[in-house]
Amino acid sequence: MSREPQQTPVSRGRPVADPPADLTPTPGQTIGPFYGYALPYEGGERLVDRADPRAVRLHGTVYDGAGDPVPDCLLEIWQPDEHGRVPREPGSLLRDGYTFTGFGRAPADRAGHYDFTTLEPGATAPGRAPYLLLTVFARGLLDRLFTRIYLPEDAVALAADPVLSGLPEQRRSTLVAEREPSGALRFDVRLQGEDETVFLTYPGQSSYGFGR
Amino acid sequence: MSSTTETFEDRHREHDAVPATPPPGLPADPAASSDAAADSQSQLSEEMERIQRGYEASGEREHGPRLDYAPYRSSVLRHPTKDPHHVDPELIELSSPAFGHRDVGDLESDLTIQSGGEPIGERIKVRGRILDSAGRPVRGQLVEVWQANAAGRYIHKRDQHPAPIDPNFTGVGRCLTGQDGSYEFTTIKPGPYPWKNHRNAWRPAHIHFSLFGTDFTQRLITQMYFPGDPLFSLDPIYRSIVDDQARRRLVAEYDHEVSEHEWLLGYRWDIVLGGSNRTWTEPEEDER
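None of the values given here were measured: they were computed from a predicted structure. (Residues numbered from 1 in each chain as written. Chains lettered and ligands numbered in written order. Predicted model: local features only at pLDDT ≥ 70, side-chain atom pairs only at ≥ 80, totals over all residues. Heavy atoms only, no water.)

**Q** Tell me about the interface of chain B and chain A, and name the residues and values.
**A** Listed per partner, the contact involves 113 residues of chain B and 102 residues of chain A. Roughly 10,200 Å² of surface becomes buried between chain B and chain A when both sides are summed, with 59% attributable to carbon and sulfur atoms. Together, Arg78, His85 and Ile92 of chain B form the three largest contributors to the area buried by chain B at its contact with chain A, with a combined 8%. Taken together, the links from chain B to chain A amount to 8 salt bridges. Linking chain B with chain A are 38 residue pairs in polar contact (both at pLDDT 80 or more), by the criterion used here. Looking at which element gives the most residues to the side of chain B that touches chain A, the answer is strand S9 (residues 220–225) of chain B, with 5 residues. (Contact = heavy atoms within 4.5 Å. Buried area = accessible area lost by both parts, 1.4 Å probe. Salt bridge = Lys/Arg side-chain N within 4 Å of Asp/Glu carboxyl O. Polar contact = N/O pair within 3.5 Å; in protein donor to acceptor, adjacent residues only side chain to side chain. Helix = DSSP H or I, 4+ residues; strand = E, 2+ residues; numbered from the N terminus.)

Take a look at the structure:
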């Protein structure tokens, strides 16, 4: 798939004229307990209207290492549209009700449960397994965690996926959403423990994503 | 935010505070239990020193916080224990949501003018640039901040610190970065505040920052601190970054060039978002 030129945001080829001497990445810190009046916003969890015929519910619960729900966490998703196109449009913070921006933000409720209304992501290239990106922030979690939420249906594409195929069978399933009879996608996050969710780290982060 | 309704704020103010006592129907958070809170600062400091010595003896260099950092009690059950899985980013990971002037109003970067009157405290400006690790500016991207007021109190129903709420200060701001990656907030210097990690626990004064890069994998939430804070060595959140040079990257510098005559004091804090993984194969004709 060819990449279209991006309008915003961009960081084009050249560095700033007077970069700081130290370009080591700035460390993360916990989101803390008091983000609730700052980061969640009206419509954050509703990437499309519930009445949209394409709308799907994506929901789940975040659990800690004792199996208890984590009520003070914030989740963000970023995803392509149903055709696998990466959205370029602004407007995630003040939705117009028509434009799919691909970004959503939802705080968990008192029972550690989160809920998004969104589109099912399409494959970004033919034959690839479609997925959404999920980022988890929580009080008690000292840096963000990245993971992917795969759609469960396309067994062939899932088996061929380079990320999933690099994981043991039991771990792999933590990245695949469950399709509920209602059509909703269910994806629980386990921060710690036997069936801990697989979290991801990317080049340039080495193991930085986990702090080391 | 002006776009939120009362119902919405009510819903989200309640559930995310420090659960000193857990909400009905929820298990106790060991981090906030009375046992944890009974630890003294000296016990905590001893634990932190032990970890610090171990790090220094290891000869390794760490740049980020440890997720497994027991002195921060709430982390005990909330850090992953398995190694992260290394992934080559794909198209969606090499992109980031776009935010624009529909999303963020120009006045939202001034936290001192959001209500009818002047907030109380020391007026400051925080200015800096968001760059990637190649020194390229992150342009037109969203920066969000939140903080306590001058007395160390968040406008939060369950912030129980008996310090005054400032009716003229919400402590929430947003802006979009400029073409050179620059951001700027005018605000009030936040106060330190007590928390329940252990007995007589106090957080150093800080401003929370939420940042997006050009790649979604650069997403960062962190805290900016103020130079010379006497609470640094006592704070397990700051010290979860065990490398001293690395944690100093979270401390802003006082910058007299940013200060304004008879108006405010200025701080400078540049933020580097871990390597953009993009390869710039497309023509750069639109480079400005």
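**Q** Now, about the pairing of strand S2 (residues 73–78) of chain A: what can you tell me, with residues and values included?
**A** All names here are of chain A. Burial of S2 is extensive: 6 of the 6 residues sit out of reach of the surface. Side chains Cys73, Leu75 and Ile77 of S2 all project onto a buried face; the interleaved residues Leu74, Glu76 and Trp78 project onto the opposite face, where all are buried too. Both S2 and strand S5 (residues 131–138) contribute to a ladder of 6 bridges, which runs antiparallel. Paired with Ile77 across the bridge in S5 is Leu134. Note: S2 against strand S3 (residues 103–107), 5 bridges, orientation antiparallel. Bridging from a neighbouring strand, Leu75 pairs with Ala106 of S3. (Buried < 20%, exposed > 50% of the residue type's maximum accessible area, 1.4 Å probe, protein only. Pairing = 2+ DSSP bridges.)

**Q** Go over the nonpolar core, please, and point to the residues and values.
**A** A general feature of soluble globular proteins is that nonpolar side chains tend to end up buried together. With 70 residues, the main nonpolar core has Leu58, Leu75 and Val189 of chain A together with Tyr183, Phe209 and Ile271 of chain B as its most contacted residues. Broken down by element, this core gets its largest block of residues, 4 residues, from S5 of chain A. The residues touching Tyr183 of chain B, leaving out its near neighbours within four places in the chain, are Val126, Arg127, Gly128, Arg129, Ile130, Val143, Cys175, Thr177, Phe209, Trp269 and Ile271 of chain B. Grouped together as the second largest cluster of nonpolar side chains are 28 residues, Val86, Ala129 and Tyr131 of chain A together with Phe99 of chain B included. (Core = buried A, V, L, I, M, F, W, Y, C linked by side-chain atoms within 4.5 Å.)

**Q** Can you explain the packing of aromatic side chains? Please cite residues and give values.
**A** Summed over all chains, the structure comprises 21 aromatic pairs over all chains. Arranged with centres 5.8 Å apart and planes meeting at 80°, the rings of Phe103 of chain A and Phe99 of chain B form a pair that is edge-to-face. Here the residue Phe103 of chain A occupies a position in strand S3, and Phe99 of chain B occupies one in the loop between strand S1 (85–86) and strand S2 (123–132), the pair thus bridging two chains. Accessibility classification places Phe103 of chain A together with Phe99 of chain B in one group, the buried group. Look at Tyr131 of chain A and Tyr150 of chain A: their rings are 5.1 Å apart centre to centre, the planes differ by 50°, and that puts the pair in the tilted class. Of this pair, Tyr131 of chain A sits in strand S5 while Tyr150 of chain A sits in strand S6 (residues 145–150), and the two are 19 residues apart along the sequence. In this pair, the class of Tyr131 of chain A matches that of Tyr150 of chain A, namely buried. Grouping aromatic residues by their ring pairs yields a cluster made of Phe34 and Tyr37 of chain A together with Tyr154 and Tyr193 of chain B. The side chain of Arg148 of chain A reaches across the aromatic face of Tyr131 of chain A, ending 4.0 Å from its centre. (Phe/Tyr/Trp six-rings, centres within 6.5 Å; stacked < 30°, edge-to-face > 60°. Lys NZ or Arg CZ within 6 Å of the ring centre and 35° of its normal.)

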